[in-house]
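Observations on the model geometry
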Amino acid sequence: MRYISTRGQAPELSFEEAMLTGLARDGGLYLPAEIPVMSQDEIAALAGLPYEEIAFRVMWPYVSGSFAEDEFRAIIARAYEGFGHDARAPLKQLNENHFLLELFHGPTLAFKDFAMQLIGQLFQVALKRRGDRVTIVGATSGDTGSAAIEAFRGLDAVDVFILFPHGRVSEVQRRQMTTPADGNVHALAVDGDFDDCQAALKDMFNDFDFRDGVKLAGVNSINFARVLAQIVYYFSAAVSLGAPHRKVSFTVPTGNFGDIFAGFLAKRMGLPIDRLVVATNQNDILHRCLSGEGYFKGDTIPSISPSMDIQVSSNFERALYYAYGEDGSAVAQLMDELRNGGFNVSQGAMEALRESFDSGRVSEDETLETIKNTLAHSAELVCPHTAVGIKVAQEHRSADVPMITLATAHPAKFPAAVEKASGEHPPLPSRMSDLYERPERVTRIANDLGTLEDHIRRHIAE
Ligand SMILES: *Cc1c(COP(=O)(O)O)cnc(C)c1O
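This report concerns the structure included in the present document. (Residues numbered from 1 in each chain as written. Predicted model: local features only at pLDDT ≥ 70, side-chain atom pairs only at ≥ 80, totals over all residues. Heavy atoms only, no water.)

So, about the environment of Asn97. Looking at the element boundaries, Asn97 is found in the loop between strand S4 (91-95) and strand S5 (98-102). Residue class for Asn97 comes out buried when judged on its relative accessible area of 10%. Look past the residues within four positions of Asn97 in its chain and what remains in contact with it is Arg397, Ser398, Ala399, Val401, Pro402 and Met403. Polar side-chain contacts of Asn97 include one of 3.5 Å to the backbone oxygen of Ala399. (Helix = DSSP H or I, 4+ residues; strand = E, 2+ residues; numbered from the N terminus. Buried < 20%, exposed > 50% of the residue type's maximum accessible area, 1.4 Å probe, protein only. Contact = heavy atoms within 4.5 Å. Polar contact = N/O pair within 3.5 Å; in protein donor to acceptor, adjacent residues only side chain to side chain.)

Structure (structure tokens):
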């Protein structure tokens, strides 16, 4: 499979090259030149298989050419062996036709482990083969950073630097980033918000001297390998509920649009997904856009679902690419306009987006209320992000299509909000119960490109 940029001006790459590169050199995001399609028979045959086998069958067409079949099976096996649940992504019933897809049984208790654990193993195999070493820099609103650190800690071909907004991640999220003792792990608390961290990361990628000098690699949700790993659980969940013979819908708590874009690819691959519902908190640029109000940046307002506190959703560019008929220059122009505040979406592109996507927005009070009601009605304690999803899913229910809401994090990652809403304290799983006792290691740093680049240059291993 060859990979192309959403802006049409970067060279085509193999899967391995696109994965190691992250952001394309024209500023765009990589996508497969063609989306592979699975037949209805092939989808039906997934029912009842182990998660790892479904993962292999769904992802293989995207990676063949870069990895051997046995090698890729072994990578998948290692990626998910540390999960605390045999089903990897178990489905739980909330009521007659509403289900929760639990994506928080990985090492850092959020869905990002699905992609990050896989990408860690993929990088290790690819870099070993090349005799190469890279510097991974990521920006996180909380969960990506810890997931990246867990995936890359201790690997000798990689240094990991994670930028997170100082004071704006939960204590559990922060400790998961600052307590790993491995020398190749570097947590940086930036004086700014998540969009500042993400902008700094983009600037580093566009500084080609720096990028080539430190062999910069990105594992943020723009990395196509991340999106790829997330396609798998749409298949595993849908076939559990009767796909391809029955349609299903998904509601996805959304920030950077990576997770829900994986659902879009699953649909394009032939999975009978009826609706893909974008659930946002009060940072609602996507909901406003999908409601026809254009894509205009506002200020990021901190919320109790901090992993969704985003005003610019990087992966939305990928959806726009398809909505604009795979026209890279149209996308490049929109992204230019975005630099000056935003853009209106053409009528044709709006219609294309609405073929797949719906959206809803949830206030802070409604989030707390939903945590409380879900405990009362379904005996489930859910995290605030998941609650945002549940609330929007309730607004988009249909009698004949089952709705699956993605439970993106474990409630124990956000104990303050969960306890405030429900009166119950969500305990950490026993395998990480000493998190609060481990010593922390973190560098507080100014939101300044030169300072950040200098720090990274000085701290990578020789
Ligand atoms: C990252 C994250 C999200 C948002 O996912 P995107 O792929 O960025 O849209 C939602 N919930 C949790 C808990 C997350 O960590």
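What follows covers the pattern of salt bridges. Inspection of every chain in the model, using the stated rule, returns 28 salt bridges. When the shortest N-O distance is used, the salt bridge between Glu16 and Arg130 registers 2.6 Å. Taken together, the positions of Glu16 in helix H1 (residues 15-21) and Arg130 in helix H5 (residues 112-130) put the pair 114 residues apart, joining distant regions of the chain. Since its relative accessible area comes to 8%, Glu16 is described here as buried. By relative accessible area, which is 43% here, Arg130 ends up partly exposed. Glu171 is the partner of Arg175 in a salt bridge, and the nearest nitrogen-oxygen pair spans 3.0 Å. Placement of the pair is Arg175 and Glu171 together in helix H7 (residues 171-178), with a separation of four residues, close to one helical turn. (Salt bridge = Lys/Arg side-chain N within 4 Å of Asp/Glu carboxyl O.)

Time to look at the sheet that holds strand S16 (residues 443-445). Pairing in this open sheet of five strands is parallel, and the strands run S9-S6-S7-S8-S16 from one edge to the other. In this open sheet, the two strands that pair with only one neighbour each are strand S9 (216-217) and S16. As paired elements, strand S6 (residues 134-139) and S9 share two bridges and run parallel to each other. Looking across to S9, one finds that Thr135 is bridged to Leu216. Against the sheet, helix H6 (residues 143-152) touches S6, strand S7 (158-165) and strand S8 (185-190), its axis set at about 165 degrees to S7. (Pairing = 2+ DSSP bridges. Axes fitted to C-alpha atoms, helices over the stretch in contact; angles between N-to-C directions.)

Our next topic: the packing of H5 against helix H10 (residues 224-240). Where H5 contacts H10, the two axes come as close as 8 Å, and the packing angle between them is 125 degrees. Taken together, the axes of H5 and H10 are oblique relative to one another. Read as a crossing pair, H5 and H10 show a hand that is right-handed. Every residue of H10 that contacts H5 at Lys112, Phe114, Ala115, Met116, Leu118, Ile119 and Leu122 is listed here: Ala225, Arg226, Ala229, Gln230 and Tyr233. (Parallel < 35°, antiparallel > 145°, perpendicular 65-115°, else oblique. Left-handed = near helix turned anticlockwise from the far one by under 90°.)

The full count for this structure, using the stated rule, is three cavities of 30 Å³ or more. Within this model, the largest cavity holds a volume of roughly 280 Å³. As for the largest cavity, its lining consists of 28 residues, of which Phe111, Lys112, Gly255, Asn256 and Ser307 are closest to the centre. Listing elements by their share of the lining of the largest cavity, those giving two or more residues are H6, H10, strand S10 (248-253) and helix H11 (258-268). If you tally residues by element for the lining of the largest cavity, the top one is H11, at three residues. The class makeup of the residues in the lining of the largest cavity is 11 nonpolar, 13 polar and four charged. In this structure, the second largest cavity is lined by Leu23, Gln198, Leu201, Lys202, Phe205, Asn220, Ile222 and Ser314. Taken together, the residues that form the lining of the second largest cavity break down as four nonpolar, three polar and one charged. (1 Å grid on protein atoms, 1.4 Å probe; cavity = no way out; pocket = protein on both sides within 12 Å on 5 of 7 lines; lining within 4 Å. Points joined across faces, edges and corners; volume = space filled by probe spheres on them. Nonpolar A, V, L, I, M, F, W, Y, C, P; charged D, E, K, R; others polar.)

Attention now goes to the sheet that holds strand S3 (residues 30-32). A sheet is described by the order of its strands in space; here three strands give the open sequence S2-S1-S3, paired in antiparallel fashion. Every other strand in the sheet has two partners, leaving strand S2 (13-14) and S3 as the edge strands with one partner each.

This part takes up the site of the ligand. Every one of the 15 residues lining the ligand counts as a neighbour, but Lys112, Asp143, Gly255, Asn256 and Thr408 are closest to it. The separation between an oxygen atom of the ligand and a polar main-chain atom of Gly255 is 2.8 Å. Isolated, the ligand exposes 380 Å² of accessible area, and the fraction of that covered by the protein chains is 98%. Spatially, the ligand is embedded in the largest cavity. Broken down by class, the residue content of the shell around the ligand amounts to five nonpolar, seven polar and three charged. (Near = heavy atom within 4 Å. Areas by Shrake-Rupley, 256 points an atom, 1.4 Å probe, with all protein chains shown as cover. Sits in = over half its atoms within 2 Å of the grid points.)

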